Amino acid sequence: MDWGSELWDQYDTIEKHTQSGLDLVEKYVKFVKERTEIEQNYAKQLRNMTKKYLPKRGSKEEQECRFTNHQAFQDILNEMNDYAGQREVIAENMMIKICLELTKHLQELKQERKTHLSEAKKAQQSLECSFKQMENVSKRFEREWREAERAAQNAEKTDQDINATKADVEKAKQVAHMRAHTAEECKNEYASQLQKYNKEQNQFYYSQIPQIFNKLQDLDERRIRCLAEGYSMFAETEKQVMPIIGKCLEGITKAATNTDQKSDSLAVIEQHKSGFDRPGDVEFEDYSQGINRTSSDSSLSTPKGPLDLLGKNKNKLRLFGKKNKPAITEDFAHLPPEQRRKKLQQKMDEIGKELQKEQDQSEALVKMKDVYEKNPQMGNPESLAPQITQTAQNMERLRGELAKYEVRLTPVVRFSASTSSRTQCVGFNGSLFASAVVAGGGWRTDNANCEAGDPDSSQAIYAEFDEFDEDEMDVPIGQCTALYSFPGSSEGTISMQEGEVLSVVEEDKGDGWTRVRRPNGDEGYIPTSYVKITLPK
């Protein structure tokens, strides 16, 4: 059996096996890289999609987020944005914990494998070189031994030859002896070289090659272990983000459950109700009697409704359809009463916030000026004078705007309150119906729990600010301090100065007005936002 060829067949098998293992690692790294690119592209597409459908600031879509179904869609987009972030985390972890780590181990394994194979080659070359030396010595020993035999035969032949001289015999014997001595030296050298080769061959087959094979086996086992860790990390990377992804999906489910059709319907009603009263019944005109009605009589007999207030065409009844939009004015006169009231109140709230901001800035400047006056090394008090003056001018301007919108709001509040009281109970053929959208009620009319004929139920508290009966004065329920001055020029209101203390007779009912009384007994309504109210516990 040729042990050499068998050994090198095994060597070639091990070399191919280790190379195929390294190739598998490279394939897995490429697979993970492609998966990482897919995750990155998926996350990028999700982010672009959410960015596309998220409403921009100040847009109409953002204003519609007050409705639960719109807000739910926005919440879903936000959750999808977070979901995209988790896909990016998966891609990043796969790239760092799998691709980079395996690539690093792969380079180390390749270098180590190359070293072990190089050691095997060197050992093989060393053994082959020793074998060639032994073979050369063996051939020389064979050649010298044959020469010695021929020299001995020649000396024996010369010695038996009667014609040969003594000198020829001695010379032949001397040559034979020299050849024999040379052959003996070659024999000893061959024996030594043979012993050396056998020792190297034994070390090669029993020590060097087994050690190299063991190293290659350990290398392949470490490769398999690293690859198994990469397989496990592939799943662990997904598992780590599963709780957060689950929360994102729960958020989407929660957004779906938070939608409320009733709430959205009420929000639409609250946003678009006009505050107009319903039109009265059209009276029967008996043309057979030949009575000619004047235009003034006709106008008196038929109450004007929202169609008349909006400019209804007498010859064409037009309830729905496109109409020319009125010009937008500063006082929002182009809007229906209820929407106009909301816009004015919103404008007053914005001005109030700006005014409060200017007041805070003014107080801060005054305190800073006092600090500068007490500690001149910190700054010059006169340097703050322009800012204080500018702040005072801004406050005065804002107070003027606030008073201007207050005057505009007062008649709108009266109209809305009176319309609300008139449309609260409407009798028709013995049935009672609540007001619809035009009067601020709802999309459908429902039976109301009102008593027909009760004059108090149809009278609004703030429809008009009437004079109060001094004999039936209410007991004050608290006090308030005026934050701003109020002229009180409208009927039913009362003027006040900044810092004035008044008694609260009746709290704000939601219309922005509070009923107060002076120490001298004068009563009236003032804007709630103009005072700081203190009620006893």
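Within each chain, residue numbers correspond to sequence positions counted from 1 in written order. Residue-level local features of this predicted model are given only where pLDDT is at least 70; pairs of side-chain atoms are given and counted only at 80 or more, and the full residue set underlies all totals for whole chains, interfaces and linings. Excluded from the side-chain calculations are hydrogens and water; all other atoms, namely the structure's heavy atoms, are used.

- As recorded by an unreviewed UniProt entry, the protein chain carries the name Thyroid hormone receptor interactor 10b and is attributed to Scleropages formosus.

Digging into the overall build of the protein chain
Logical step 1: Think of it this way: any DSSP run of H or I at least four residues long counts as a helix, any run of E at least two long counts as a strand, and we number them from the N terminus. A count of helical and extended segments in the protein chain gives nine helices and seven strands.
Logical step 2: Between buried and exposed lies partly exposed: a residue is buried under 20% and exposed over 50% of the maximum accessible area for its type, with that area taken using a 1.4 Å probe on protein chains only. Counting over 537 residues, the protein chain shows a buried share of 31%.
Logical step 3: Should any heavy atoms of two residues lie within 4.5 Å, those residues are counted as being in contact. Considering only residue pairs separated by 6 or more positions, the protein chain has 72% of its internal contacts joining residues 24 or more positions apart.
Logical step 4: Computed with a 1.4 Å probe, the accessible areas rest on the Shrake-Rupley method; for each residue, only the protein chains presented here act as cover. Carbon together with sulfur atoms contributes 51% to the accessible area of the protein chain, which is approximately 35800 Å² in total.

Re the sheet that holds strand 7 (residues 531-534)
Logical step 1: What the five strands build is an open sheet, ordered 6-5-4-3-7; its pairing is antiparallel. The sheet is open, and its two borders are formed by strand 6 (523-527) and strand 7, each paired with just one other strand. Across the sheet, the axes of successive neighbouring strands diverge by a mean angle of 45°, strand direction being ignored.
Logical step 2: Paired strands are those between which DSSP finds at least two bridges. Judged from the four bridges that link them, strand 3 (residues 478-482) and strand 4 (residues 501-506) form a sheet pairing that is antiparallel. Paired with Gly 478 across the two strands is Val 504, which belongs to strand 4. For helices, the fitted line uses only the C-alpha atoms of the stretch in contact; every axis is such a line through C-alpha atoms, and the angle between N-to-C directions lies from 0 to 180 degrees.

A short note on the pairing of strand 6
Logical step 1: Summarising burial for strand 6: five of the five residues are buried, a large majority.
Logical step 2: For strand 5 (residues 513-517) and strand 6, the ladder comprises five bridges, and the chain directions are antiparallel. When the sheet's bridge partners are listed, Arg 515 is paired in strand 6 with Tyr 525.
Logical step 3: Hairpin connection between strand 5 and strand 6: a loop of five residues separates the two successive antiparallel strands, and Gly 521 in this loop has a positive phi of roughly 100°.

Details of a nonpolar patch on the surface
Logical step 1: Patch members must show over 30% relative accessible area and no salt bridge, and they are joined within 9 Å when carrying like charges or within 5 Å when they are nonpolar side chains of Val, Leu, Ile, Met, Phe, Trp or Tyr. What counts as a salt bridge is simple: a side-chain nitrogen of Lys or Arg found within 4 Å of a carboxyl oxygen of Asp or Glu. The grouping of Met 49, Tyr 53 and Phe 73 at the surface amounts to a nonpolar patch, some 290 Å² of accessible area in total.
Logical step 2: Turning to its location among the elements, Tyr 53 is positioned in helix 1 (residues 3-53).

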